[in-house]
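Architecture and fold: a report
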Amino acid sequence: MRTRTALTAVLLALAVLTAGCGKSEAEQQADCQKALTSEATKTNRPDACKGLSQDDYDALLMAWALKNALNEMPKKDRDTLDYYDDGKLNGSIGGDE
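Right, let's walk through the structure included here.

The rules behind the values
- Residues numbered from 1 in each chain as written.
- Predicted model: local features only at pLDDT ≥ 70, side-chain atom pairs only at ≥ 80, totals over all residues.
- Heavy atoms only, no water.
- Salt bridge = Lys/Arg side-chain N within 4 Å of Asp/Glu carboxyl O.
- Helix = DSSP H or I, 4+ residues; strand = E, 2+ residues; numbered from the N terminus.
- Phe/Tyr/Trp six-rings, centres within 6.5 Å; stacked < 30°, edge-to-face > 60°.
- Disulfide = S-S within 2.5 Å.
- Buried < 20%, exposed > 50% of the residue type's maximum accessible area, 1.4 Å probe, protein only.

1. Focus on the pattern of salt bridges
Tallied over the full model, the rule gives three salt bridges. Between Asp31 and Lys23 there is a salt bridge, with its nearest N and O atoms 2.4 Å apart. Lys42 is the partner of Asp58 in a salt bridge, and the nearest nitrogen-oxygen pair spans 3.1 Å. Remark: Lys42 occurs in the loop between α2 (25–35) and α3 (54–71) and Asp58 occurs in helix α3; sequence separation between them is 16 residues.

Structure (structure tokens):
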């Protein structure tokens, strides 16, 4: 009886420790965002993105593609989109400038 109780306690402790070792959804998404490159496609995921659902991965991939497309635009065109976004030239779209 004691052996069974001890074994159950050990297995329960192992299950709790194993569950705590995984990355959170937010951590997985952050790792995936860092791993996205122009090589990533809907079916060719970086290893860091493998644990995400298809919908989450698609959203991150689309955001990455949009950001990079906007950053490659001439500054004048980005400024035009920025002005139409919120009426100011404040870098609210695109990104790095």
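2. Side note on the packing of aromatic side chains
If you walk through the whole model with that rule in mind, you get one aromatic pair. Arranged with centres 5.9 Å apart and planes meeting at 75 degrees, the rings of Tyr83 and Tyr84 form a pair that is edge-to-face.

3. Looking at the state of the cysteines
Cysteine pairs can be covalently joined through their sulfur atoms, and such a bond is termed a disulfide. Across all of its chains, the model carries one disulfide by this definition. Here Cys32 connects covalently by a disulfide to Cys49, the sulfurs 2.0 Å from one another. Negative torsions about the S-S bond denote left-handed disulfides, and the value of about 95 degrees found for Cys32 with Cys49 makes this one right-handed. Taken together, the residues span a long stretch of sequence, with Cys32 in helix α2 and Cys49 in the loop between α2 and α3 at a distance of 17 residues. Taking relative accessible area as the criterion, Cys49 reaches 0% and is therefore assigned buried.

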